[in-house]
There are 2 protein chains.
Amino acid sequence: MNYPSKLIEEAVNEISKLPGIGKKSALRLALHLLKSDQSQTEFLTRALTDLRTKTRYCRQCHNISDAELCQICSSVNRDESLLCVVQDTRDVLAIENTAQYQGHYHILGGVISPIAGIGPTDLHIESLVSRVRQNPEIKEIILALAPTMEGDTTAFYIQKKLADFEVTISTIARGIPIGGDLEYTDEITLGRSIMSRTISHTKGN
Amino acid sequence: MNYPSKLIEEAVNEISKLPGIGKKSALRLALHLLKSDQSQTEFLTRALTDLRTKTRYCRQCHNISDAELCQICSSVNRDESLLCVVQDTRDVLAIENTAQYQGHYHILGGVISPIAGIGPTDLHIESLVSRVRQNPEIKEIILALAPTMEGDTTAFYIQKKLADFEVTISTIARGIPIGGDLEYTDEITLGRSIMSRTISHTKGN
């Protein structure tokens, strides 16, 4: 496309490097900023710069944090026996939103992916192992990773690493989502949901 | 949502002020910037700041421009007798992409909208009138505004303002888009497309 000025071309190029934003959306956003008050651009760029340069990470769970220890790690109301291993911050937010989990978290920062060049040492796996070693109150590790090849590989690797510790290792349930239709569920999910069926009534009980 | 840090909360708030970006997408973008190289955030914020503070507008057509006169206005290869009136820069890009138009443009900067508090004086309508007055080589004004109430009001207002000049005023054709289905076209569009039918063969010719 032949942009009317170099400035808008550069802005479109930079905005469209963000995931899920194409050249047309980028142009729409750039023109929006041009039309709105200059303070909006100032606030936006300052927030992004501050985010990128000043963000800290919790030294225990590696989540984004304002302090050395994040709110969850420093809370006294959480169950210290449960540790949920997730890929990134968004997973923590998603699980927190369910209000069903009161334990702690450990953020890996990604999953093992040979194609993307991410090995176990690029993730916070060693710190998970030493966290389990140093905290005998941890009784169960819940692996809440994506059901992809990379997620399964990572889960398998962690399970091997934690094999010598006296902890229960569990995986979040795979199955048909609430409201999902059997007919339209893929075979692997449906197969797993039959294998991992939950018993609701046993004869004589 | 309970964000893990103030910095990410502020970034999400600012990003989600952009049109078409909700809190979830904003969080995804913020986490993407956090994960990528710091230079990406630097380039992005610099491009946005430069765009907002250094952008110039063509003194003749009001399009975004690098110089005092934009590339189209300063080109000697464009047809000086045609002037296409559009709402904003995106419309210019869309029409330029068709490669069907070789005339000049005039960017209004919006459409008359009493609800949004935009009156005729907020738009580049006066400069359009004086442009037509000063350039007798302009023979036709093409109104290429959106077929909405605001667009129609603006077109009507411009037509009234230009009534005393010896120029042809035309409107881009409304009708069924190429590949469009008669059955699924709304009544108003279908009605207009019958009223404005083009004759392809006349008996005896």
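Anything mentioned here points back to the structure above.
A short tour of the structure in this document, coming up. (Residues numbered from 1 in each chain as written. Chains lettered and ligands numbered in written order. Predicted model: local features only at pLDDT ≥ 70, side-chain atom pairs only at ≥ 80, totals over all residues. Heavy atoms only, no water.)

## Concerning the relation of the copies chain A and chain B
Turning one copy of the chain about an axis and sliding it along that axis gives the other copy, so a rotation and a shift relate them.
Part 1 of the reasoning: Each copy superposes on the other: chain A lies on chain B with an RMSD of 0.1 Å after a rotation of 180° and an axial shift of 0.0 Å. Taken together, the rotation and translation relating the two chain copies correspond to the operation of a two-fold axis. Relative to the rotation axis, the closest C-alpha in chain A is found at threonine 45 of chain A, a distance of 2.5 Å.
Part 2 of the reasoning: Here 98% of the interface residues in chain A have copies in chain B that are interface residues too; the copies meet face to matching face. (Least-squares fit on C-alpha atoms with pLDDT ≥ 70 in both. Contact = heavy atoms within 4.5 Å.)

## Looking at the environment of isoleucine 21 of chain B
Part 1 of the reasoning: With respect to the secondary-structure elements, isoleucine 21 of chain B resides in the loop between helix H1 (6-15) and helix H2 (23-35).
Part 2 of the reasoning: Taking C-alpha positions, isoleucine 21 of chain B is 19 Å from arginine 90 of chain B, a pair spaced 69 residues apart along the chain.
Part 3 of the reasoning: The residues touching isoleucine 21 of chain B, leaving out its near neighbours within four places in the chain, are Ile21 and Leu29 of chain A together with Ile15, Ser16, Ala26 and Leu29 of chain B. (Helix = DSSP H or I, 4+ residues; strand = E, 2+ residues; numbered from the N terminus.)

## So, helix H7 (residues 149-161) of chain A
Part 1 of the reasoning: In this model, H7 of chain A (13 residues) spans 18 Å end to end at C-alpha, consistent with the 18 Å of a helix rising 1.5 Å per residue.
Part 2 of the reasoning: On its buried face, H7 of chain A sits against strand S3 (82-86), helix H6 (126-134) and strand S5 (140-143) of chain A. (Expected span 1.5 Å × (residues − 1).)

## A short note on the sheet that holds strand S3 (residues 79-86) of chain B
All names here are of chain B.
Part 1 of the reasoning: If you trace the four strands from one edge of the open sheet to the other, you get S4-S3-S5-S6, paired in parallel fashion. A single partner strand is all that each edge strand has here, and the edge strands are strand S4 (103-107) and strand S6 (168-171). With strand direction ignored, the average angle separating the axes of adjacent strands in the sheet is 25°. (Pairing = 2+ DSSP bridges. Axes fitted to C-alpha atoms, helices over the stretch in contact; angles between N-to-C directions.)

## So, the sheet that holds strand S4 (residues 104-107) of chain A
Residues and elements named next belong to chain A.
Part 1 of the reasoning: The four strands lie next to each other as S4-S3-S5-S6, forming an open sheet whose pairing is parallel. Strand pairing shows two members of the sheet lacking a second neighbour, S4 and strand S6 (168-171), which therefore form its edges. Averaged over all adjacent pairs, the angle separating strand axes in this sheet is 25°, with direction ignored.
Part 2 of the reasoning: Pairing analysis gives four bridges linking S3 to S5, with the strands arranged parallel. Following the sheet pairing, cysteine 84 is matched in S5 by isoleucine 142.
Part 3 of the reasoning: Taken strand by strand, H6 contacts S3, S4 and S5, and its axis lies near 150° from that of S4.

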